[in-house]
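# Observations on the three-dimensional arrangement
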Amino acid sequence: MTTLLVAQIVLTLFVFIALLHSAAAMVWVERRLAALLQQRLGPIRVGWQGLLQPFADVIKLMFKEELRPGAADPILFALAPIISATAAFSAFAVVPFGAETTFFGLLDEPMRLQVADVNVAVLVIFAIASMSVYGIVLAGWSSNSKYSLLGGLRSSAQMISYELSYGLALASVLLLGNSLSLTTLVDAQSGTWLGFIPRWFIFIQPLGFLIFMTAGVAETNRAPFDFPEAEQELVAGYHTEYSSMSFAMFFLAEYINMVTVSAVATDLFLGGWHGPFLPESLGWIWFLLKVGALLFFYVWMRWTLPRYRYDQLMAFGWKILLPLSVINLLVTAAGVLYFGA
Amino acid sequence: MTDTAFYLFGAIAIGASLLVIAQRNPVYSVLLLIASFGALSGLYVLLDAPFVAVIQIIVYAGAIMVLFLFVVMLLNAPQEDTEHDVRMHPFRGPGPMRFGAVLALGLAAELGWALTRTPGDSAPFGGTPVSSVSAIGRTLFTEYAFAFEVTSILILVAMVGAVVLARREEPR
C-alpha cells in the first residue's frame, strides 16, 4: 500500500516535470523546424544544436520586469495566466500513457501509467478543456486594452464553436469502445485485423480523427486557427499586456495543451501504447512516438498554412465541421447497432 | 475525510453564491458563480456521481458561463447600476418591496419545512445507481422520456424566440 502510494506520488511528479520539459522541447522543435522550413538555421548556439535555448529563454523571462498596465484589474490580471497554466496541466492527469507495469519488479502489484484512473476520463478532459477558455478571456478583459479584449472575445467565440465538433468526435469513439474510460478505450484497440492492420479506431473513424484534430487545433489556438493572437491585427492578442513569467505561463499553457490534445488523440484514435514489435511493457515508447508524430504535424502545419479569415473560421466551424461530425456520429451509431460494436 | 470535504465544498458553494450578489462588478459575479458551480461539482463527486459532477462543469461552468462572461464583457459595464438607476428603479417603491418581503418569508418558511422533514418522507431517486452512465441514459430515455423530449422542445422554442427577437427588420 505504502509503496503504491509512493509510486503514485513519484509518477505524478514525473508527469508534471515531463510536461514542463515537453513544453521546452516543443519550443526548440518549433523554432528549429520553422527555421528549416524557411531555409534558416534557427537557434543553434546555446548547447548542442541549440538544445539549451528554451532554458536560456526561461532564464531571460524570469529576469524581465513584471509589468501591469495601470488601468488593468489587478486580481484578474494576475489570476488569468494561473488559470491557463493550471487547466493545461490538470487535463493530462487522466491521460494514460502506458500499460500496467511493476517497474521491473519494483512494485508488488502492477500499476497503471496514469495519474488518476477516472471512469469518466474522456468527459473530464472535455470539461477541463472548456475551463481553459477562462484564462484567455479573463486575460483579454482584465488587461483593459482593445487588442487584448478583441483577442479574448475571439478566443471564447472560437472555442465555443469548435467545442461542439470536438465533443461529437469524442462521442463517436465512445460509441465504438462502449466506455468513457480512456484505459478501456485504449485496450479496445489492441490486436490486429487480418494479422497486419492494427485495430486502431482511426481506421474505423478516419473522419472522426480529422474532425477531432481540426477542432483540437482550433481549441489550442494554433495556426491556421490562431486568431486570438493574430499578430497583424491584434499585436499579440490576449497576452499583449503580459510580460515576464506571466507571459511565460500562457506560452507554457499553449504548448502543454498541444501535447495533451496529441496524447488524447493517440489514446482515442491511434491505439495508445499498442503497436507491433515492442513488448507490452515498452508500450510507452510507441505512445511517445505517436504523440511526437502528431506534434510534428502541428508545427509543420503552422509554418505551412496561412491563417484563415475570421468569418471563414466561423463558417467552417458551424456550416461544415459541425454537420460533418453530426453525420459521423449518426453513421457510427447506426454501424454499432448493426454490427454490434 | 469525506465530512471535511463536504463542509469545505459546502462552505465554498454558499460563500461564493452570497458573494455573487454582493459584488458590484458583474465580471466578478460571473467568476464567483463558476466557483460555486465547481464546489457543487465537488459535492456530486462526494455523492458518488462523477458523471453528474463532470456534466455540471461542462454544461454550466464550461458552456453557459462562458456565454454569460461574453455578454458581460461585450456590455463592458464596470458597475451594474449608477446611483441614479438604483434610486429610480421600479422595485424600490414601497409596494414592490412589501411584495418581495412576503416572497422572502414564504421561501424561508419553505426552506425551514424542507429541512425539518424526517428522512423517511423523502424517497431516494429512482433506485438505480446514479454513478453508472448507462443507467442514467436508460432511465432518461425510458422512464423520463416524455419530460426529456418536452425539455428539448422548450429549448428549441426559446432559441427560435431569441432569433426572432434579435433579428432586425430588413428595409424593403
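Let us look at the structure shown here. (Residues numbered from 1 in each chain as written. Chains lettered and ligands numbered in written order. Predicted model: local features only at pLDDT ≥ 70, side-chain atom pairs only at ≥ 80, totals over all residues. Heavy atoms only, no water.)

## A few points about the interface of chain B and chain A
Between chain B and chain A, the residue contacts involve 22 residues of the former and 22 residues of the latter. Counting each side, the surface lost to burial between chain B and chain A is near 2000 Å², with a carbon and sulfur contribution of 82%. If you look at where chain B meets chain A, you find 2 residue pairs in polar contact (both at pLDDT 80 or more). Of all the secondary-structure elements, those providing two or more residues to the side of chain B that touches chain A are helix H2 (26–46) and helix H3 (50–75) of chain B. Per element, the largest residue contribution to the side of chain B that touches chain A is 15 residues, and it comes from H3 of chain B. Classifying every residue of the side of chain B that touches chain A by side-chain character gives 19 nonpolar, 3 polar and no charged. (Contact = heavy atoms within 4.5 Å. Buried area = accessible area lost by both parts, 1.4 Å probe. Polar contact = N/O pair within 3.5 Å; in protein donor to acceptor, adjacent residues only side chain to side chain. Helix = DSSP H or I, 4+ residues; strand = E, 2+ residues; numbered from the N terminus. Nonpolar A, V, L, I, M, F, W, Y, C, P; charged D, E, K, R; others polar.)

## Focus: unusual backbone geometry
Despite not being glycine, Gln 39 of chain A shows a phi value in the positive range, around 55°. Mapped onto the fold, Gln 39 of chain A is located in the loop between helix H1 (2–37) and helix H2 (53–63).

## Comments concerning the packing of aromatic side chains
Tallied over the entire structure, the rule returns 15 aromatic pairs over all chains. Ring centres of Phe 6 of chain B and Tyr 7 of chain B lie 5.3 Å apart, and the angle between their planes is 75°; this geometry places the pair in the edge-to-face category. On the basis of relative accessibility, which here comes to 42%, the residue Phe 6 of chain B falls in the partly exposed class. Put simply, the rings of Phe 126, Tyr 166, Phe 209, Phe 212 and Phe 269 of chain A touch in pairs and so form one group of aromatic residues. The ring of Tyr 310 of chain A has Arg 154 of chain A sitting right over it, with the charged end atom 5.1 Å from the ring centre. (Phe/Tyr/Trp six-rings, centres within 6.5 Å; stacked < 30°, edge-to-face > 60°. Buried < 20%, exposed > 50% of the residue type's maximum accessible area, 1.4 Å probe, protein only. Lys NZ or Arg CZ within 6 Å of the ring centre and 35° of its normal.)

## Section: the pattern of salt bridges
Residues and elements named next belong to chain A. According to the stated counting rule, one finds 2 salt bridges over all chains in the structure shown. Its salt-bridge partner being Arg 302, residue Glu 30 comes within 3.2 Å of it at the nearest N-O pair. Linking Glu 30 in helix H1 with Arg 302 in helix H10 (residues 283–302), this pair joins segments that are 272 residues apart in sequence. Arg 31 is the salt-bridge partner of Asp 57, the closest N and O atoms lying 3.1 Å from each other. Pair noted here: Asp 57 is in helix H2 and Arg 31 is in helix H1, with a separation of 26 residues, a long-range link. (Salt bridge = Lys/Arg side-chain N within 4 Å of Asp/Glu carboxyl O.)

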